[in-house]
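Given next are the chains, with one letter for each unit.
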Amino acid sequence: MGWAIRHRGPDGFGYVITPWLAAIHVRLSIIGVESGAQPLGSEDGRILVIFNGEIYNFIELRDELEGKGHVFRTRTDTEVLVHGWEEWGEGMLERLNGEFAFAVHDRRDHSLFLARDRFGIRPLFHALHGGDLHFASEVKAFAASGLVPMRPSPRGLDQVFTFWGARPPQTPFQDIFALEPGACATWRNGRLRTRKYYHLRFDENPGPEPSDAIERLGELMNDAVRLRMRSDVPVGGYLSGGLDSSITCALATRFSERPLETFSIGFEEPEFDESYFQGLVAEQVGSIQHDRVISGPEIARVFPEVIRHAETPVVRTAAAPLFLLSRFTQESGIKVVLTGEGADEVFLGYDLFKETRLRRFCLRQPSSVNRPRLFSRLYPYLPEQGRKGEFWQRYFLTASEPEDPLFSHMPRFVMSSWITEFYSAEQRDALGGWDARTALRDDLPDGFQRWSALNKAAWLEFETLLSGYLLSSQGDRMGMAHGVEGRVPFLDHRLFEFAAGLGASSKLRVLREKDILRRWARSVVPAPVEARAKQPYRAPDAEAFIGDGASIEYVADSLSPEALKGTGYFDPRAVDGLLRRVRSGRASGFRENQAFVAILFTQLWHDHFLAPQREQDELVLARADVAMDHQAMAIN
């Protein structure tokens, strides 16, 4: 299991084996480089902690715990979890500012406590089999163990094809579950009990914007970045050229003891490239800029490896450039970076939020001719000819009724779920009529229907896209594939709670996204960056695998009728028609591109995780930094 996830911790490993617990930890050394080996136990042997992630306020917590009489042996954030558990138990969670997944083993009752950070930045999976609890940072560890059956989950796959990622606790694997963001679980006496310790809450009656809101935002942004610069190794930054990453990199220079190193990817295709803005920000903040231009064929070549790390089918190719970026970053000697992820969810930055407001505005006067024309202002990064006309307007106005609790997201869900039109009869039978959207409607928070339209939309974006897709397939998995840890200042829970307490107009002023963030950022980033419209990160899709002589051998193999029949997810005749359209250049729309990518990557995913597994190497236990057994943990 340790060998299977060694990419997450290439700097060392440790293990513990007792009659009740066998666990291994692979380490990426960032804080307490010389003294932070794990597992880490308490002085009396009662408590053992295994931890992935960072506790950013560990210095403040350590000072508080030392004031209560606790004695620390290391300068690591891991030891704060040991003594914090001794002092506060589960109440420790509400004190932590960080991104984490950890396990606490209590020797007295042989229990195990699992916890994951509030927004699901770090992964944690579990499975029950043969009366035992198995847990790991990545699913491939279960496959390597030989103890957990690897089977596809029809419902998990249906969520991927609807929401772009399985919605925790569901995964694409049958009976393997993701601990939900902001959740913890206790295993005791053969039973697992799970609960949420953190809930997304939005102020439904916020009142006018406070007079000190800009000042308060600045304080929170600076402190979120300051805490995330704590490290015993250099911290760099991912610089996309957009507002969010530009802010994080500009603030990082204030707290960096050395020139900040920033990393960017560009594309040969002009519609995806943001190199101009990346260079503009790097020049202003004075960072040491590293650029890498990526081609479509390069994306296609690395995608089997991308799927191995993502551990899920994906419906876009956007993970591949980030996989290449993290490799480029690691080769430059940096293993910690700040990213701008989360700002669009916290400050209503996506066009989806504008779309929700416009759709409701138009449906209040359904006979209006002029109101629907406003839809042409959405998605300015798409070709202009595709953003006009009756079809474009009808797409938004007929997706669902305003009373539907999923109203804000139905255009996206409907577009994505077109992939399910290619299902085989066997896949439809396996679902038995289950539908991802219906299941989501049945699992909404109490009082959801009374929330404002934009608060509903924000909750759905956090719930369906952020953790299950952006923070995993494009975030943690692609960075940690090369031992690069991403830190996310915009998902400091204090910043989220501040933004959630503001009125919608502070964040989305008419059709100006992230308004309060932009007002504050005028003194932080170049004016062209602050003023530019939101351009989401995108990468070439189907053309990367087919066009310009870039045909990849595995595409034909994976999408052959024999391969499709063998996996059983998709109808070979329907896929053949799509493949012919893609190859002829007639499948230029987003819907067909997305379906092609999803089907191809599902086949690759199946081949890696569900086909007969090859033998793999193991870690040499004699080389462990920490080796613990029952006697080593004996209680004094």
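Residues numbered from 1 in each chain as written. Predicted model: local features only at pLDDT ≥ 70, side-chain atom pairs only at ≥ 80, totals over all residues. Heavy atoms only, no water.

Peer 1: Mind showing me how you'd approach the sheet that holds strand 4 (residues 47-55) here?
Peer 2: Read across the open sheet, the six strands follow the order 3-4-5-6-10-11; overall the sheet is antiparallel. With one partner strand each, in any of the chains shown, strand 3 (40-41) and strand 11 (191-196) form the two edges of the open sheet. With nine bridges connecting them, strand 4 and strand 5 (residues 98-106) associate as antiparallel partners. The residue bridging G53 from the neighbouring strand is F100, located in strand 5. (Pairing = 2+ DSSP bridges. Helix = DSSP H or I, 4+ residues; strand = E, 2+ residues; numbered from the N terminus.)

Peer 1: I'm lost on helix 16 (residues 453-470) in this one. Help?
Peer 2: For the α-helix, the turn length of 3.6 residues means that residues three or four positions removed from each other point alike. Of all the bends in helix 16, the largest measures some 35° and sits at F462. The buried fraction of helix 16 is high, at 17 of 18 residues. (Bend = angle between axes of the 7 residues up to and from the residue. Buried < 20%, exposed > 50% of the residue type's maximum accessible area, 1.4 Å probe, protein only.)

Peer 1: What am I meant to see in the nonpolar core here?
Peer 2: Nonpolar side chains in soluble globular proteins generally cluster together in the buried interior. Judged by nonpolar contacts, the single largest core of 185 residues is most densely connected at F102, I247, F303, F545, F570 and F596. If sequence neighbours within four positions are ignored, F570 has contacts with F161, I419, F422, Y423, S424, L564, V575, I599, T602 and Q603. L48, A101, A183 and V626 belong to the second largest nonpolar core, which has 18 residues in total. (Core = buried A, V, L, I, M, F, W, Y, C linked by side-chain atoms within 4.5 Å. Contact = heavy atoms within 4.5 Å.)

Peer 1: Honestly, the packing of helix 11 (residues 351-363) against helix 16 in this entry has me stumped. Any pointers?
Peer 2: For any two helices packed against each other, one specifies the crossing angle of their axes together with the interaxial distance. Where helix 11 meets helix 16, the axes come as close as 10 Å, and the angle between the chain directions of the two elements is 145°. Crossing handedness for the pair helix 11 and helix 16: right-handed. Contact with helix 11, carried on its side by L352, F353, T356, R357 and R360, involves A453, L454, A457, A458 and E461 of helix 16 and no other residues of that element. Taken together, the residues of the contact of helix 11 with helix 16 break down into six nonpolar, one polar and three charged. (Axes fitted to C-alpha atoms, helices over the stretch in contact; angles between N-to-C directions. Left-handed = near helix turned anticlockwise from the far one by under 90°. Nonpolar A, V, L, I, M, F, W, Y, C, P; charged D, E, K, R; others polar.)

Peer 1: Any chance you could explain the pattern of salt bridges here in plain terms?
Peer 2: A side chain of one charge can pair with a side chain of the opposite charge if their charged atoms are brought near each other. What the rule picks out here adds up to 43 salt bridges. One salt bridge in this structure joins D443 and R167, with 2.8 Å as the shortest N-O distance. Residue D443 is found in the loop between helix 15 (436-441) and helix 16, and its partner R167 is found in the loop between helix 4 (154-163) and strand 9 (177-178); the two are separated by 276 residues along the sequence. D443 sits in the partly exposed class, given a relative accessible area of 43%. (Salt bridge = Lys/Arg side-chain N within 4 Å of Asp/Glu carboxyl O.)

Peer 1: I tried to follow the pairing of strand 7 (residues 125-129) on my own but got confused; where do I start?
Peer 2: Where a strand is regular, its side chains alternate between the two sheet faces. With two bridges joining them, strand 7 and strand 9 adopt antiparallel strand pairing. Across the sheet, H126 pairs through a bridge with F177, a residue of strand 9. Linking strand 7 to strand 8 (residues 132-136), which pair antiparallel, is a turn of two residues; within it G130 sits at a positive phi near 65°.

Peer 1: Please clarify how helix 26 (residues 590-609) should be interpreted in this entry.
Peer 2: If you check helix 26, its first and last C-alpha atoms are 28 Å apart, about what 20 residues at 1.5 Å a residue would give, namely 28 Å. For helix 26, the tally of buried residues reaches 16 of 20 residues, placing the bulk of the element in the interior. (Expected span 1.5 Å × (residues − 1).)

Peer 1: Would you mind showing me how to read the sheet that holds strand 2 (residues 22-26) here?
Peer 2: Across a sheet, paired strands are connected by hydrogen bonds in the backbone, their directions being either parallel or antiparallel. Here we have three strands laid out as an open sheet, ordered 2-1-17, and mixed in their pairing. Since the sheet does not close on itself, it has two edges, and those belong to strand 2 and strand 17 (626-629), each with one partner. Adjacent strand axes in the sheet meet at a mean angle of 5°, parallel and antiparallel pairs treated alike. Of the pairings in the sheet, the one linking strand 1 (residues 13-17) to strand 17 comprises four bridges and is parallel in character. Residue pairing across strands places I17 opposite D629, the latter belonging to strand 17.

Peer 1: What am I meant to see in the packing of aromatic side chains here?
Peer 2: The geometry of an aromatic ring pair is captured by the separation of the ring centres together with the interplanar angle, meaning the angle of the planes. Overall, the coordinates contain 30 aromatic pairs when judged by the stated rule. On the basis of an interplanar angle of 85° and a centroid distance of 6.0 Å, the ring pair of F263 and F328 is categorised as edge-to-face. Here F263, found in strand 13 (residues 261-267), pairs with F328, found in helix 9 (residues 319-331); they are 65 residues apart in sequence, far enough to count as distant. Each member of the pair, F263 as well as F328, is classed as buried. Considering the side-chain rings of Y569 and F570, the 6.3 Å spacing of their centres and the 65° angle between planes classify their relative orientation as edge-to-face. When its relative accessible area of 4% is taken as the criterion, Y569 is described as buried. The exposure class assigned to F570 is buried, which follows from its relative accessible area of 1%. The rings of F119, Y198, F202, F448, W451, W459, F462 and F496 are connected pair by pair, giving a single aromatic cluster. A cation sits over an aromatic face here: R118 above Y198, 5.3 Å from the ring centre. (Phe/Tyr/Trp six-rings, centres within 6.5 Å; stacked < 30°, edge-to-face > 60°. Lys NZ or Arg CZ within 6 Å of the ring centre and 35° of its normal.)

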